[in-house]
Amino acid sequence: EPEVTQTPSHQVTQMGQEVILRCVPISNHLYFYWYRQILGQKVEFLVSFYNNEISEKSEIFDDQFSVERPDGSNFTLKIRSTKLEDSAMYFCASSLRQGSYGYTFGSGTRLTVV
Amino acid sequence: AQRVTQPEKLLSVFKGAPVELKCNYSYSGSPELFWYVQYSRQRLQLLLRHISRESIKGFTADLNKGETSFHLKKPFAQEEDSAMYYCALTLGAQKPVFGQGTRLTINP
């Protein structure tokens, strides 16, 4: 069964540093997403990406965040200057279509900002 | 705005007992409802969706539009069912909105 792959599984970074979280979506999927889950809290939407541009973003996704699909296979989330409150599990997801077709999630990257 | 509510953060049942994980939603259209499961240290996995009306791993969920609920049920719990369960909703082409999740623990 095709999978969404995320690397690294765990990243520790110092406050103020830049981090890049990487995702390889399922190859024929067209829609890509980042979600985050702060420990003990619900899964929150960050951003959706389609046709090489952001299609929707939440208020969490401020100027410190950016996404890229640099080479047609990877889908990255960059946090420019990490804050303690960015510590969370970050999930990448992809889907062939929007709506009722379901979404395939990666296993997540646990980001710890110290 | 669409909202998904899972009233129980924690649910603990004994092996062999019935399980019901509650999910209620508020919406302004005709939503699609899903259940996702997250086993310890693993990815979020789609468990089932209401449009397919299927049973996965013995779990079923019926969309009750009158009560705006999509409760997840299993008649006989198994230890391997211990996991986090998330109810999610999509409306049209919009991205999924998740509930807070319920941690299900099956006691031997």
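For the structure, see preceding data.
Conventions adopted
Residues numbered from 1 in each chain as written. Chains lettered and ligands numbered in written order. Predicted model: local features only at pLDDT ≥ 70, side-chain atom pairs only at ≥ 80, totals over all residues. Heavy atoms only, no water. Pairing = 2+ DSSP bridges. Helix = DSSP H or I, 4+ residues; strand = E, 2+ residues; numbered from the N terminus. Buried < 20%, exposed > 50% of the residue type's maximum accessible area, 1.4 Å probe, protein only. Contact = heavy atoms within 4.5 Å. Salt bridge = Lys/Arg side-chain N within 4 Å of Asp/Glu carboxyl O. Polar contact = N/O pair within 3.5 Å; in protein donor to acceptor, adjacent residues only side chain to side chain. Nonpolar A, V, L, I, M, F, W, Y, C, P; charged D, E, K, R; others polar.

Glancing now at the sheet that holds strand β8 (residues 72-74) of chain B. All names here are of chain B. Taken in spatial order, the three strands of this open sheet run β3-β8-β7, and their pairing is antiparallel. The open sheet has two edge strands, β3 (19-21) and β7 (60-61), and neither has a second partner. Here β3 runs beside β8; their pairing, made up of three bridges, is antiparallel. Each residue of the ladder has a partner; that of valine 19, found in β8, is lysine 74.

Residue and element names in this part refer to chain A. Of the two faces of strand β3 (residues 19-24), only one is covered, namely that formed by Val19, Leu21 and Cys23; the face formed by Ile20, Arg22 and Val24 stays uncovered. Judged from the three bridges that link them, strand β1 (residues 5-7) and β3 form a sheet pairing that is antiparallel. When the sheet's bridge partners are listed, threonine 7 is paired in β3 with arginine 22. In the sheet, β3 pairs with strand β8 (residues 75-79) via five bridges, with the strands oriented antiparallel.

So, about the interface of chain A and chain B. Contact with chain A, which involves 19 residues of that partner, is made by 19 residues of chain B. Our enumeration of links across chain A and chain B arrives at zero salt bridges. On the surface where chain A and chain B come into contact, there are two residue pairs in polar contact (both at pLDDT 80 or more). Elements supplying a minimum of two residues to the side of chain A that touches chain B: β4 (31-37) and β5 (43-50) of chain A. The element contributing the most residues to the side of chain A that touches chain B is β4(A), with three residues. When grouped by side-chain class, the residues that make up the side of chain A that touches chain B number nine nonpolar, seven polar and three charged.

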